[in-house]
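# Summary of the model geometry
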Amino acid sequence: MKKFLLLILLPVICVAFLQADYIYVVNSESRTLSRIDTETGTVNNTFTQLGLTPNMLKVNTDYIYVVLSGANSIQMIDRHSGTTIRNIFIASSSNPWDVVENNGYLYVSGMFTNKVYKISQETWTVVDQITVGTAPEGLEVCNGKLYVCNTGGYASGYANSSVSVIDLNSFSVIKSIPVWTNPQDLYVFNSQLHIVCTGNWSSISGAVDIIDSITDERIDRLLMGGNPWSVWISPQGIAYLGEGYNSGVYSYNASTLEILHNSSNPLTPGGIMISGSNDCIAVLYAPWSQNGTVYLRNHNWQPISQWTVALLPTDICYYSNETPISDEELPLPKISLYPNPVNKDGILNFKIDNAFYKELEVYNLRGQKVLQTNVIKGETSIDLKGKGLHSGIYFYKSGNVQGKLIIK
């Protein structure tokens, strides 16, 4: 009887383990990776021993990639056990800063060499490199292009701050977009790039530049004040900015670009990096040469929990092990687009009658994706002006739902 009960309970226990949410934190001065189990509250501040000057990290289902700025390499770690699988050397004196993963490759910014490096995930070696702007840092991929934040460098007062646009098919720079002073981080939302620019730490305050990935033009700028350092955008469409001095957290609506909290009325507690999930937001407080703190809040900014991590943390990732659901199991969204036809410079509205966390994509008759936005319950509007759309017939889809859109 006991054996029978054990066989019944074992799958339940395994499922619970697989569904646990974890928070990963890079501790630069301690040279360790912390892992926090959000269900049990257990903190392991030595989950992995890291190499020289660990900086940023990226996490997927199986692996964690930590950028080692001092070792000029990427440390690849098994996400489940914390075991180091390999160290991927980039280039001497490259001082790698950030890493992003896309279609079988890793892309790494080399802050001291002004280059982006392309790493094959088959051979785990650098297979190509390209020169971008001065002192590149943050990276992100959108619509088949890699966007690179070129800070301009401290020595030059962050002159010529820009975003390089790299076509991933040809691996060539196709455009350089001037932006506000000292772009550090970026995030993709509704086919737009939200570029966090820190300012010069003294006389020039920070801002967020918005770039349309269809036209690769800057379409807006939010003057936030202070020294915003990083950005994370929630599934609900609220952008949260970490502050370089830990003085607060700024926020704005990523769809309407309405500023909610800036340097004059920041959310507290503050922190330099933000991550989160559908349900909560994790704020990384990182005082110089001291142990850091992770504050967990809900989306109403009420406290859930907090944990102490190790010395001088530099990056955080909230990994949610949500149970995957196939498109067939999800409720079909009831999507209404109006007006339809819509003017090419007009406002396109769409209404979702039930919650459906996917993306609405618009394609032309050639099958090319020309527009993309998140789909959530409620009503949303998109200003088509400047999107580069021409009169004609288009098709939209979200999951299994498809329809026709006419632009006049």
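Residues numbered from 1 in each chain as written. Predicted model: local features only at pLDDT ≥ 70, side-chain atom pairs only at ≥ 80, totals over all residues. Heavy atoms only, no water.

### Focus on the pattern of salt bridges
For the structure on display, the rule yields six salt bridges. Where E217 meets K175, a salt bridge forms, and the shortest distance between an N and an O atom there is 2.7 Å. Of this pair, E217 sits in strand β19 (residues 217-223) while K175 sits in strand β15 (residues 172-178), placing them 42 residues apart in sequence. Note on E217: relative accessible area 42%, which makes it partly exposed. For K369, the salt bridge goes to E361, with nearest N and O atoms at 3.6 Å. A relative accessible area of 30% places K369 in the partly exposed class. (Salt bridge = Lys/Arg side-chain N within 4 Å of Asp/Glu carboxyl O. Helix = DSSP H or I, 4+ residues; strand = E, 2+ residues; numbered from the N terminus. Buried < 20%, exposed > 50% of the residue type's maximum accessible area, 1.4 Å probe, protein only.)

### Here we look at the confidence of the model for the chain
Of the residues in the chain, 88% have a pLDDT of 70 or more, and the chain-wide mean is 88. Contacts for the low-pLDDT stretch residues 1-18, under 50 throughout, to residues beyond four places or in other chains number three contacts. In the model, residues 323-330 has pLDDT below 50 throughout and makes seven contacts with residues more than four positions away in sequence or in other chains. (pLDDT = per-residue confidence, 0-100. Contact = heavy atoms within 4.5 Å.)

### Examining the pairing of strand β18 (residues 207-212)
Of all the six residues making up β18, six are buried; the element is thus mostly covered by neighbouring parts of the structure. Alternating positions in β18 separate into two faces, A207, D209 and I211 on one and V208, I210 and D212 on the other, with burial throughout. Pairing of strand β17 (residues 192-197) with β18 involves six bridges; the strand directions are antiparallel. Paired with H194 across the two strands is I210, which belongs to β18. Bridge count between β18 and β19: six bridges; the pairing is antiparallel. Looking at the pairing, V208 lines up with L222 of β19. Where β18 folds back onto β19 in an antiparallel hairpin, the turn is made up of four residues, including D216, whose phi is positive at roughly 55 degrees. (Pairing = 2+ DSSP bridges.)

### Concerning the packing of aromatic side chains
Per the counting criterion, the structure on display carries ten aromatic pairs. Measuring from ring centre to ring centre gives 6.3 Å for Y22 and Y24, while their planes differ by 45 degrees; the resulting arrangement is tilted. With a relative accessible area of 3%, Y22 lands in the buried category. We classify Y24 as buried; its relative accessible area is 0%. Relative to Y107, the ring of Y105 lies with its centre 6.4 Å away and its plane at 45 degrees, an arrangement referred to as tilted. Cluster of aromatic residues (ring-pair linked, three or more members): Y22, Y24 and F47. Residue placement shows R35 over the ring face of Y22; its charged tip is 4.3 Å from the ring centre. If you follow R79 out to its NZ or CZ, it ends over the ring of Y319, 4.0 Å from the centre. (Phe/Tyr/Trp six-rings, centres within 6.5 Å; stacked < 30°, edge-to-face > 60°. Lys NZ or Arg CZ within 6 Å of the ring centre and 35° of its normal.)

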